[in-house]
Structure formats: structure tokens, C-alpha cells
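Working through the structure, step by step
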Amino acid sequence: MKKSPLMSRSGASLFVGLVGLMLSQGLAAQNTPGVSEKDFLDEMPIILSVSRLPQRLDETPGAVTILDRDFIRSSGARDVADLLRLVPGFQSSTSFEGDAPQASYHGVYGYYSARIQVLVDGRSVYSNYFAGSVAPGLMSVMLDDIERIEVLRGSNSVAYGARAMLGVVNIVTRHSAETLGPRAALTRGENGIQDTALGLGWRTDNSTQRLAVDERGDDGLSGANGHNRVQRANFRSDWQVSGSSQVQLSAGWMAIGAGKGYPDRPGSGFRDTTFENKFLQLDWREVLSPDQDLTLSLSHNQESYHDVVPYLPIPGLNLDGSGTTSNNTLTAQHTLRLSPALRMVWGAELRRESVTSRPLFNTDEALIDNFTRLFTHAEWRLRPDLLLNGGVMAERSSANGSSLAPRLMLNWHVTPEQTLRAGMTRSFRPPSAFERRADVRYSFKNKLLDVTFLASGNVVPETVLTRELGYLGTFPSLKSTLDVRLFDEKFTGFIDGIRYLTKVGGKVYAPYDYSNVDNFSIRGLELQWTGRPWPGAQLGVNQSLTRLAFEKPPSETKLVVAMPKSTSTVFLTQQLPAGLQFSLSHQYSEPLWVQRSGDLRQYLHRTDWRLSKSLRLGQRHGELALTVQNQGSPYADYDDAFLFKRRAFVTLRIDN
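In this report, the structure presented in the accompanying data block is examined. (Residues numbered from 1 in each chain as written. Predicted model: local features only at pLDDT ≥ 70, side-chain atom pairs only at ≥ 80, totals over all residues. Heavy atoms only, no water.)

**Some points on a nonpolar patch on the surface**
A grouping of Leu249, Leu280, Leu282, Leu298, Leu330 and Leu350 is seen on the molecular surface, where their side chains present a nonpolar patch of about 500 Å² in accessible area. Counting through the fold element by element, Leu330 comes out in strand S19 (residues 323-339). (Patch = residues over 30% accessible without salt bridge, like charges linked within 9 Å, V, L, I, M, F, W, Y side chains within 5 Å. Areas by Shrake-Rupley, 256 points an atom, 1.4 Å probe, with all protein chains shown as cover. Salt bridge = Lys/Arg side-chain N within 4 Å of Asp/Glu carboxyl O. Helix = DSSP H or I, 4+ residues; strand = E, 2+ residues; numbered from the N terminus.)

**Structural notes on the environment of Ser521**
Its place among the elements puts Ser521 in strand S31 (residues 512-531). Relative accessible area serves as the criterion here: at 6%, Ser521 is assigned to the buried category. Along the backbone, Ser521 and Ser477 are 44 residues apart, and their C-alpha atoms lie at a distance of 39 Å. If we skip the residues at most four places from it in the chain, Ser521 touches Asp488, Glu489, Lys490, Arg547, Leu548 and Ala549. (Buried < 20%, exposed > 50% of the residue type's maximum accessible area, 1.4 Å probe, protein only. Contact = heavy atoms within 4.5 Å.)

**A look at the environment of Leu48**
Summarising the element assignment, Leu48 is placed in the loop between strand S1 (46-47) and strand S2 (55-56). By relative accessible area, which is 29% here, Leu48 ends up partly exposed. Along the backbone, Leu48 and Asn170 are 122 residues apart, and their C-alpha atoms lie at a distance of 8.9 Å.

**A short note on the packing of aromatic side chains**
One pass over the structure, following the stated rule, counts 23 aromatic pairs. Geometrically, the ring pair formed by Phe434 and Tyr514 is edge-to-face, given 5.9 Å between the ring centres and 70° between the ring planes. Placement of Phe434 in helix H7 (residues 433-437) and of Tyr514 in strand S31 is noted, with a sequence separation of 80 residues between them. Ring geometry for Phe520 and Phe550: centres 5.3 Å apart, planes at 45°, overall tilted. Here the residue Phe520 occupies a position in strand S31, and Phe550 occupies one in strand S32 (residues 537-550), the gap between them amounting to 30 residues. Among the aromatic residues, ring-to-ring pairing joins Tyr109, Phe491, Phe494, Phe520 and Phe550 into one connected group. The side chain of Arg265 reaches across the aromatic face of Tyr262, ending 3.7 Å from its centre. Its end group placed over the ring of Phe371, Arg373 keeps NZ or CZ at 4.9 Å from the ring centre. (Phe/Tyr/Trp six-rings, centres within 6.5 Å; stacked < 30°, edge-to-face > 60°. Lys NZ or Arg CZ within 6 Å of the ring centre and 35° of its normal.)

**What about the nonpolar core?**
The biggest cluster of nonpolar side chains holds 41 residues, and the ones touching the most others in it are Leu84, Phe90, Tyr109, Ile149 and Val169. Looking at this core, the elements that each hand over two or more residues are helix H2 (69-75), helix H3 (80-84), strand S5 (102-105), strand S6 (117-120), strand S8 (146-152), strand S9 (168-173), strand S28 (480-499) and S31. Residue contributions to this core peak at four residues, all from H3. With sequence-adjacent residues up to four places away left out, Phe90 is seen in contact with Leu84, Arg85, Ala103, Ser104, Tyr105, Ile116, Val151 and Val169. (Core = buried A, V, L, I, M, F, W, Y, C linked by side-chain atoms within 4.5 Å.)

**With respect to the environment of Tyr500**
Positionally, Tyr500 belongs in the loop between S28 and strand S29 (502-504). Tyr500 sits in the partly exposed class, given a relative accessible area of 28%. On a C-alpha basis, the gap between Tyr500 and Ala510 in space is 5.3 Å, while along the polypeptide they are 10 residues apart. Other than its neighbours up to four places away in sequence, Tyr500 contacts Leu454, Tyr509, Ala510, Pro511, Tyr512 and Asp513.

Pasting the structure below:
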């Protein structure tokens, strides 16, 4: 695959030049005092995204995992999808074969990750084109620009509507005031790993800005045509308009170039694909009084995808899967305190989604879905040790009708350090445009050759009714925290593709249609323990136990192994003398269905480690790190023929 020109060849020289600029001119970063989001994480974290109210971790209506900057860096991960495998209940893939590296919660139910919601600074980033997949959105920000990631392990359509049926991943980027001055990072290693990142932050009279460009690339999985290159450019500006008004402007561009296909499949041969995304987001916050504020958010998103593969048995016939999408969203939110015991947030959202693709829908017209959402959430302190969270989202889709998502959760502080949770919530996922309107036909010289997808539109939203019990305990004397979640998620109307016989143009074909085919329950327990058992150490242990229970035999045998029955993860970081730090993680998972492999069930054993050395370069700080991913036997990823083998790479980073 031809390398894109943004940074591939010139990345190293630009990196060296910028490092020289840093050392010779000593551009001083201006550090702004004040409250940083990291300050919230020193003791009991403040969660910003679960209920749309800022809440202490022990008062949120659900189980939350926080991945902060230190954890992200010490993990050695190169993208968010790979990082999320260290969160209880998550499964991930590094393959670009579907669309991009994927992450899913409580099951791999298809070729796309379409049953969780991913937000970047509150902006939804799921892809209309890939049936609601969040995989491209997970790639939209480089890791060094992330302040933290909040992961709600459980349903949350009550706060974010469609797609948030099994969980929410909120990526919070760093304030531009914290990234003043130049930055650079260079990574090189096995499997063709070539990553380059450059950043620059600056200040004006009452605002700060950041521009970051980076490129991430490697040769993909062994046995796959998976070479890939991700290029990104992101801009953020934070403007203090007045003492009560703040404006944040974000804009970005991303391009993913990836090889796909199989050498022995005529309809899915080797080819290079491209995916491009552009976005613009404007957020305004006005503090109306000490007890209330108003926020308005406007965002625009565009996607384009190009995927053309020659059908070799018929010279001149190309199979096309290309298309474009656009999304526009306007959100208004009012937060207020009604009394010392009662806070609430309410608001509305208008969202317009459009997708255009003749190859997928057999029409040149744009398929449009308009969403109208009304939401509210209240936090009522019944007594000092008892907190009730209640909320509801009413959503109207022009394509799928109306849905209602309520939630009720009670948090009981048994002691100041021990909290019990109990509650229930209902979430939903409307069918995507492809599941409603798919019409994929292959023709040559005005002759219809095949019809592979022909949707009847006889499909309604999937729903999940979640009942859960939780426990969150902090143990100051042991410097540790324990989070336990016991859940029963009743899945109704699971959407899947089913073949059927139909006549098109007088000839019988066997295309796929989508319908609500299965009802089942996901039951289990998740445990997350973190602590500092000895000086300089941070230790984490995750354990997930899950079971699927079907009302009747499932329509597909692969659903039985859509998620592992047991997954264990251990993560250790140890500070060493002389500015050294060592990190180690190990993940073990019982059998999981590998997406393109029929009934293959794959055990997963993966060990990663990282050794870093902090550097002092004049007035600047830096780091040199060696990372080894999968120090052990290869394992299958996405397809039983695609193997994730050991990858070792070195990173040199220069920070402010």
C-alpha cells in the first residue's frame, strides 16, 4: 500500500527538527494554575458523563472504570481499542478488516462494534456507515491528547439515547492550557511499527490553543492483508469569554488507509481501502448563578469510505462498498440545584444523520434519520447516607419511531468508605440504515448477477433491561479500592441477518434480511481491585464471570460463544531507581468466538511489558521506553488465519 504523504517519510526529520527547536530555543510552556480535571482524581474521582451531572464515583448510578493519563501511558497501548481490553467485561480486536480496531462490552455480536456509545468530549462518534460501529471513533484522538477515559459498564440510553445500550466510553481530552509549547514522540519497532506525533500549544490574551498531528502505522496481523496507516490532525481552543462564559472549539481530520481481503475469495480479494472523517464541534457554557449553568453544543461530522475490489472470475466487474455520511447535532442542557438535597439536569437534542451509497442501498438518494431527544436526570439526597438517582430519555426517530429509556438507582453509603448500589435501567438500539434498507446487488453489462442483501424493513429497536447490584469500597489503610458489579441484562429483539429466498427480476435469490430473532439474558459478576500494596507500586486485578441464557435455541450457534465465560486481567506498575518505571499486564480469557471463523473458539493469553526511563532535556522532560506486546504465543484475532504475534517497539517522547 502506498504510504500517505502527511508524515510517513518526513516524520522522523520533522521530529528531529522540533526536538532541536525545543533544546536550542527553550520554548517555555506556560502552566496555568487553577483546577485541573486531574485534581479530581487524587481522592474520590468526579465523574462527568454518566448522568450528565458531575458526581463522585461513589454516587454515580452505575459502575465506572477510569483510565487516567498515567495508566494510559504505562499500559504501552497504541490506540484506545487495545487499551479497553484491560477494562472488566470488554473484548477488543486489533484488526482493520472490518473497519478499524474494535472494542465491545459484553459480547462480540457481529463484524462491527455497534452496541456501545463512544463520546469524545461529549460528541458522539459512532459511524452511520458501518451500522453504528464505534471503531473509527475510537481512533479519532491520539493517546497523548487524552486526559482520561470514563467507561460506564452498563446501559445508559437514559443519558445518551440510541446506541448506548450496553455501555458508554467517554474520552476526555486535555485542556489546551495543559499542552502549551511543543511536543513530539517517535515510535519504531517490529511488524513495521512507525508512529510519529507532533504537537504545539500557545496562548493568546484570554484563550489557549493546541494543534496536534500524528501518524500511526504497522503491517497488521500476520496472515492478513492488514497493513494500515492512520493519520490525524486535531485542533482545540479554550476561550474564557468572561468570568461566567467559556467556549471550546474543536476541529479534526482523520484518514485510515488499510489493506483488506483474502487471496482465495473472489468477492473479497486483496485491496486497499480508505476511510476519511472530518468534524467540527463548538461548546459554550454559561454559569448563570452559583447553583445553575447552561451549556450549548453544536457539532458537524462527515465520513467518506472507498472500498472497491475486482471480481476476478469476471474481468471488468468491480464490487463496490463505498459511500458517504454526515451528522449534525445540537444539544442544550440546563443544570441546576433546586435545594441542598436536590440537583437535576434537563435538556434536548436534535440530531440529523444522513448516509448515501448506491452500492449498499441501490439508490443515489440520501437516507435520512432525524432524532429528537428530551432528557432529564435528578439526584435526590434522601438523607446523608442515601442517594436516589432517577432519569428518563424520550427519543423520537423519523425512521424507527419512539423509544423511552428510564433509570432508577439507589446508592447507600453504609460507611463513608463503603457504598452499595441497586437499581435498574432500560436501554435500546434502533436498527441502522443498513439493517432497515440494505439492497446490495451485483450487475454486469446491465445483467443482474446476484442479490446478497435485501432488507424488508421488518425490524424494530433492540432493548436491554438491566438490573444490577453494586459495591464500591475504599480501604485507606490498605491504599486500595474494590468495585463489584452483579448484573442481569435481559436482551430483547436481538437483530441479526437471516437468509431467505425471494424473486428479483423473475429469478430466485437467497439474500440476507435483518429481523429481531433472539431473546437472551447476560448474567454475571465483574470485580475490579486497585491498590498500592508497597512503595512505588500500583497493582490492579480484574475478573469477569458471565453466562448467556437463551429463551429458546439461538438462531446462530456463534451467539453461544459471543462472550467469554471468564476473563482475568492483572496490571502492575513499579517505580524503580534512576527514573526507571516497569509495567506488566497479563490477560487470560476463556473461549470467545473469532468474528470471521465460524465456530472457532479462541482462548487468549497475552502478556505485555514496558520499561521506561525519564529524561531531562534542558528545560524539558522526556521519556525513552521499550514496549513488548504479547510476550508469548500468537493468538487469533478476527479470523483464525490472522495472528497477533509479538511486537516490540521503542518510543522517544519529548514533553513540555
